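Per-entry structural report
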Amino acid sequence: MATETNPKALQGGEFLIRESAPQDIFIPEEFNEEQRMIAQSAREFLEQNVWTQLDRIDSLEEGLMPSLLDKAGELGLLGISVPEDLGGFGKDFVTTMLVTEVTGAGHSFSVAIAAHTGIGTLPILYYGNEAQRKKYIPKLATGEWKASYCLTEPGAGSDANSGKTKATLTPDGKHYLINGQKMWITNGGFADIFTVFAKIDGRR
Ligand SMILES: Cc1cc2nc3c(=O)[nH]c(=O)nc-3n(C[C@H](O)[C@H](O)[C@H](O)COP(=O)(O)OP(=O)(O)OC[C@H]3O[C@@H](n4cnc5c(N)ncnc54)[C@H](O)[C@@H]3O)c2cc1C
């Protein structure tokens, strides 16, 4: 599965300080044909849909960013690291990183797609229960639902645990009422799914 990691794999610049053989070191020349093809379609997507629209993006034209995410979804760019049984393509971490590198040239679109596919989708994929995964992930993988991740608050940025947003269980025990303030939430203006960080009983 795409989310598995090899504990023995060399991390970052570790090849400089850990005994390692040349074949253990990954270099861009080792991207396979499929990875290059996927990266090329991401590049063409930017050329055709994003770089031609920078003025409209800068003027915050309503509906434009979600429509770009829809198009990215149609091309399969939102489901690359999502397992196939949840509607994605189950590609490996290297492919995901390669596409992220390419879409990183997409000005503010790169923030929208990274928030959707990264912090918007992966926490549910990694830590959601089975029912949550089945409910949310397939629609996030196609872009039918757009995702956001709501952690930062006016008084809680780097020190994210100091957030003051509260979740209180309703007397019937069925829902949590959330009270608080969030800011800098990428895709917050149009998202369908909001993963919101809040404290329960002021502690948990
Ligand atoms: C483009 C963009 C998109 C974002 N999208 C999201 C999103 O989708 N969801 C979300 O929840 N948040 C989002 N954020 C918010 C982001 O997570 C916060 O900006 C980040 O956590 C930093 O918090 P802050 O801006 O309050 O800065 P602060 O935490 O106030 O930090 C200000 C400065 O002080 C430094 N600093 C902080 N603490 C220490 C310390 N203990 N020691 C030394 N230096 C320190 C920092 O390095 C920084 O230079 C986004 C931000 C940006 C820029």
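My aim in this report is to walk through the structure given alongside it, one point at a time.

Basis of the calculations
- Residues numbered from 1 in each chain as written.
- Predicted model: local features only at pLDDT ≥ 70, side-chain atom pairs only at ≥ 80, totals over all residues.
- Helix = DSSP H or I, 4+ residues; strand = E, 2+ residues; numbered from the N terminus.
- Buried ≥ 20, exposed ≤ 12 C-beta atoms within 10 Å, placed from the backbone.
- Pairing = 2+ DSSP bridges.
- Near = placed C-beta within 6 Å.
- Nonpolar A, V, L, I, M, F, W, Y, C, P; charged D, E, K, R; others polar.
- Core = buried A, V, L, I, M, F, W, Y, C linked by C-beta atoms within 7 Å.
- Contact = placed C-beta atoms within 7 Å.
- Arc of directions from axis to C-beta.
- Axes fitted to C-alpha atoms, helices over the stretch in contact; angles between N-to-C directions.
- Parallel < 35°, antiparallel > 145°, perpendicular 65-115°, else oblique.
- Left-handed = near helix turned anticlockwise from the far one by under 90°.

Overview of the environment of E101
Looking at the secondary structure, you find E101 in helix α4 (residues 93-103). E101 gets classed as partly exposed once you count the C-beta atoms within 10 Å, which come to 13.

Notes on the pairing of strand β1 (residues 147-150)
Here β1 shows no split at all, with A147 and Y149 on one side and S148 and C150 on the other all buried. With 4 bridges joining them, β1 and strand β4 (residues 193-196) adopt parallel strand pairing. In the strand pairing of β4, A147 is matched with I193.

Details of the site of the ligand
As a matter of local geometry, the ligand sits amid V111, A115, S148, Y149, C150, L151, T152, G157, S158, W184, I185 and T186. Where the shell around the ligand is concerned, the elements lending two or more residues are α5 (107-120) and β1. No other element matches β1, which puts 3 residues into the shell around the ligand. Looking at the shell around the ligand residue by residue, the class counts come to 7 nonpolar, 5 polar and no charged.

Section: the nonpolar core
The nonpolar side chains of soluble globular proteins are, as a tendency, buried together. Among the nonpolar cores identified, the biggest contains 30 residues, and A42, A72, L77, V99 and I137 are the most heavily contacted of them. Elements represented by at least two residues in this core include exactly α1 (33-50), α3 (64-74), α4, α5, α6 (122-127), α7 (130-142) and β1. The dominant element in this core, judged by the number of residues it contributes, is α1, at 5 residues. When residues no more than four places from it in sequence are discounted, the contact partners of L77 are A42, F45, A72, V99 and I113.

Some remarks on unusual backbone geometry
Its identity as a non-glycine residue notwithstanding, H107 has a phi of 50°, on the positive side. If you trace the backbone, H107 turns up in helix α5. Positioned with a positive phi, N187 is a non-glycine residue whose angle comes to about 70°. Relative to the elements of secondary structure, N187 occurs in the loop between β3 (176-179) and β4. A residue is classified by how many C-beta atoms lie within 10 Å of it, and N187, with 23 of them, is buried.

Quick word on α3
Count 3.6 residues to each turn of an α-helix, and residues three or four apart come out pointing the same way. Every buried residue belonging to α3 is among M65, L68, L69, A72 and G73, and all of these are buried. The arc enclosing the buried residues of α3, seen along the axis, measures out at 145°, which places them on a common side. At its buried positions, α3 is contacted by α1, α5 and α7. Just beyond α3, the residue with positive phi is G76, at close to 95°.

Some points on the packing of α3 against α5
In the contact formed by α3 and α5, the axes pass within 10 Å of each other and the chain directions differ by 60°. Overall, the two elements α3 and α5 adopt an arrangement that is oblique. Crossing of α3 against α5: the hand is right-handed. Facing α3, whose interface residues are M65, L68, L69 and A72, α5 presents F109, A112, I113 and H116. Residue composition of the contact of α3 with α5, by class: 7 nonpolar, 1 polar and no charged.

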